[in-house]
Amino acid sequence: MKMIANRLLELVLFLLVLSFISFAFMKLAPGDPVRYMLNIDDVAVSEERIEELREELGFNEPIIVQYGLWLVRFFQFDLGISYMTQQPVTQELAEKLPATLILTFCSVVIMTLISVPVGSLSALYKNKMIDQVSRLFALIGASVPSFWLGLLLIQWFSVKLGWLPSMGSDSILHLILPSVTLGVAMAAVYVRLLRSSLLESLNQDFVISAKARGLSSFRIFWFHALRHSMVPVITIFGVSLGSLLGGTVIIEVLFSYPGIGKLVVDAIVRRDYPVIQGYILFMGLFVAVINILVDLSYRYLDPEIRLKEGGST
Amino acid sequence: MKQIIVHKPIFLIGGMLILVLTFAAAISFIVPYDPLHVNMKERLLPAGAGHILGTDHLGRDIFSRIIAGAKTTVGTGLLILGAAVVIGVPAGLISGYAGGRFDRIFMRIIDAFMAFPDYIVAIVLSGLLGPGMLNLIFAIVMVKWVGYARLVRGTVLSQKQKDYIILAKINGLGPMRILWKHMMPHVAGNVLVLATLDLGKVILMIAALSYIGLGAQPPAPEWGAMLNDGKAFFYHKPELMIIPGVCIMLVVLLSNLAGDFLRDHYDVKSQKGGQ
């Protein structure tokens, strides 16, 4: 319990530091957001109007005062108004988040559908033809830029064959290409991981003893070896959940998929500060919470860690 | 013989470096056209005489752009790794060797960096600084140096308490000399392996971020940016998509292979040392 409280305290401190750094960076960044806001239609704006808006947004206050005001609003879940759409940032993020989560989920499903069978076959038929092929797949998969794979898939399945839509997210069909792209790119890593983890498990005493007890090799594989090998794989998966969200940014832009990744890249290109800052804080919170959850889950999955900590304190 | 085996990675890397440098020197002579020269009369030409790989939608020679892009993409990748090593290695050496409160605070900073996925930090940093190649370089260096600092710090911590270091201290060697003469050789191999494995990742990152418009800006010839640049013409001229993509893939594949090879080699060596 004490550990959880400590971690939560750290999380709050961390978010404060993160928010201050991102706030300071924005103030130092080149480009005047007031001009960006007013220049939407490339119509000339009077200097008075610029000054008026600057006063209105509080840009003339000292930076610490601005940060304080911003912090107060932050605790009321008010992250400001997007310059691009004139919508509240919180609302923008909340609207785009489900799409990203759905895409992430689908690509994890595809990744699992590829990596579990391929990794298993590769370990079971070590150094045979099928193992060589799957290792080649893993090597190439780790070297192909994911956005290029996406471009190839678009070219083939939507342009040449016309089977699947390439842009947007209107139907379930729109999900197929982006999630396949992400899934395949991720699968390369997990095929490798599962293979080496399985090879290790297959040599363990419990597998040999299961063989000695006369269990069928099917049972040994599915109920003993594979289960044991999944522990390190799931651990790594938990840690890399955050980087999965980083990977979706590229794919969302590629497929014009309206998730938070596309939102932030659009915001960066148009210097829409409130949205960028909202994204930073949201991602900071998200990744930090995931890391805490992963830490906690170890303690329940692996009794050794609990014992060690109990012994040392 | 054993000497050669132990030092082989260094020979291998040296050989690779020489190869890359000769290649880089050679290609600056064989760029047939100005990679930025726009010629609308010769747009989207097929591969053939004059233009080995044809021309793009603005009539620029694709082969010249690929060669110039190699310099941008691979050159920037090497530059980023160099900077990450130059910042990360001394930071790790000092933090590990100094220990105490300084080391604890330093580790906190490193943990905070490591907690965040590379792509998100790079995107966010280039977001704060604005799109552009220089900002992208800065962003990726910020992401990558932490790995080296952490690795080096770990090695220093494991060596610090050994007898030979204590002996060196008793003999009056200053911290700088101990770090340079006794720690560096232990650190160098690990750093080399990590850097080789990282090269592919860094190149993928440069290309991907340039593709979404956060890195190299058009008309700069960078492989990822070239893919973005020509995307409206892929249907009529698939080479515009195939060639830069294959180039990225090959370079990343090579550096992954080299990294795997070095890692295996290095593991063998460390196992032998342990026996």
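The structure displayed is predicted, hence computed values, not measured ones.

1. A look at the overall build of chain A
No. 1: The helix and strand inventory of chain A stands at 14 helices and 0 strands.
No. 2: Counting only contacts in chain A whose residues sit at least 6 apart along the sequence, the fraction spanning at least 24 positions is 71%.
No. 3: Of the roughly 16900 Å² that chain A leaves accessible, carbon and sulfur atoms contribute 67%.

2. Brief notes about helix 6 (residues 129-143) of chain A
No. 1: In this model helix 6 of chain A runs 21 Å from its N-terminal to its C-terminal C-alpha over 15 residues, within 8% of the 21 Å that 1.5 Å per residue would give.
No. 2: Those residues of helix 6 of chain A not exposed but buried are A:D131, A:S134, A:A138, A:L139, A:G141 and A:S143.

3. Quick word on the UniProt feature "transmembrane region" (unreviewed entry) in chain B
All names here are of chain B.
No. 1: UniProt's feature table lists "transmembrane region" (unreviewed entry) at residues 12-33, 78-98, 119-143, 192-214 and 241-262, given in the numbering used throughout.
No. 2: Spanning residues 78-98, this segment combines 100% helix with 0% strand, and its end C-alpha atoms are found 30 Å apart.
No. 3: Here residues 119-143 is 88% helix and 0% strand, with 9 Å between the C-alpha atoms at its ends.

4. Re a nonpolar patch on the surface
All names here are of chain A.
No. 1: On the surface, a cluster of nonpolar side chains totalling about 390 Å² of accessible area is made up of V12, L13, L16 and F75.
No. 2: With 3 residues, the single largest contributor to the nonpolar patch is helix 1 (residues 2-28).
No. 3: Among the structural elements, V12 can be located in helix 1.

5. Topic: the packing of helix 5 (residues 133-160) of chain B against helix 7 (residues 175-211) of chain B
Residues and elements named next belong to chain B.
No. 1: At their nearest, the axes of helix 5 and helix 7 sit 10 Å apart, and the two run at 155° to each other. As the angle between them shows, helix 5 and helix 7 are arranged roughly antiparallel. The crossing of helix 5 and helix 7 is right-handed.
No. 2: Along the lines of polarity and charge, the residues of the contact of helix 5 with helix 7 split into 16 nonpolar, 6 polar and 4 charged.

6. Some details on the interface of chain A and chain B
A common way to state how big an interface is: give the accessible area lost once the parts meet.
No. 1: With 40 residues of chain A at the interface, the matching set in chain B holds 39 residues.
No. 2: Roughly 3300 Å² of surface becomes buried between chain A and chain B when both sides are summed, with 80% attributable to carbon and sulfur atoms.
No. 3: Counting the surface chain A buries against chain B, the share from its top three residues, A:S143, A:F147 and A:W148, is 18%.
No. 4: At the surface where chain A touches chain B, the tally comes to 0 salt bridges.

7. Describing the UniProt feature "domain: ABC transmembrane type-1" (unreviewed entry) in chain B
No. 1: As recorded in UniProt, the sites labelled "domain: ABC transmembrane type-1" (unreviewed entry) are residues 70-259 of chain B.
No. 2: The straight-line gap between the two end C-alpha atoms of residues 70-259 of chain B is 20 Å; of that span, 83% is helix and 0% is strand.

8. Notes on the packing of aromatic side chains
No. 1: The final tally for this structure, using the stated rule, is 4 aromatic pairs over all chains.
No. 2: Geometrically, the ring pair formed by A:F147 and B:Y211 is stacked, given 4.8 Å between the ring centres and 25° between the ring planes. A residue pair is termed interchain when its members come from two chains, as with A:F147 in helix 7 (residues 146-160) and B:Y211 in helix 7. Of the two residues examined, A:F147 and B:Y211, each falls in the buried class.
No. 3: Feature note: the residues B:F102, B:F106 and B:W145 constitute an aromatic cluster, connected by ring pairs.

9. Let's talk about the UniProt feature "transmembrane region" (unreviewed entry) in chain A
No. 1: As recorded in UniProt, the sites labelled "transmembrane region" (unreviewed entry) are residues 101-124, 136-159, 171-191, 229-255 and 275-298 of chain A.
No. 2: Strand forms 0% of residues 136-159 of chain A and helix 92%; the C-alpha atoms that close the span are 28 Å apart.

Conventions adopted
Residues numbered from 1 in each chain as written. Chains lettered and ligands numbered in written order. Predicted model: local features only at pLDDT ≥ 70, side-chain atom pairs only at ≥ 80, totals over all residues. Heavy atoms only, no water. Helix = DSSP H or I, 4+ residues; strand = E, 2+ residues; numbered from the N terminus. Contact = heavy atoms within 4.5 Å. Areas by Shrake-Rupley, 256 points an atom, 1.4 Å probe, with all protein chains shown as cover. Expected span 1.5 Å × (residues − 1). Buried < 20%, exposed > 50% of the residue type's maximum accessible area, 1.4 Å probe, protein only. UniProt positions renumbered as here; feature names shortened; annotations may be inferred. Patch = residues over 30% accessible without salt bridge, like charges linked within 9 Å, V, L, I, M, F, W, Y side chains within 5 Å. Salt bridge = Lys/Arg side-chain N within 4 Å of Asp/Glu carboxyl O. Axes fitted to C-alpha atoms, helices over the stretch in contact; angles between N-to-C directions. Parallel < 35°, antiparallel > 145°, perpendicular 65-115°, else oblique. Left-handed = near helix turned anticlockwise from the far one by under 90°. Nonpolar A, V, L, I, M, F, W, Y, C, P; charged D, E, K, R; others polar. Buried area = accessible area lost by both parts, 1.4 Å probe. Phe/Tyr/Trp six-rings, centres within 6.5 Å; stacked < 30°, edge-to-face > 60°.

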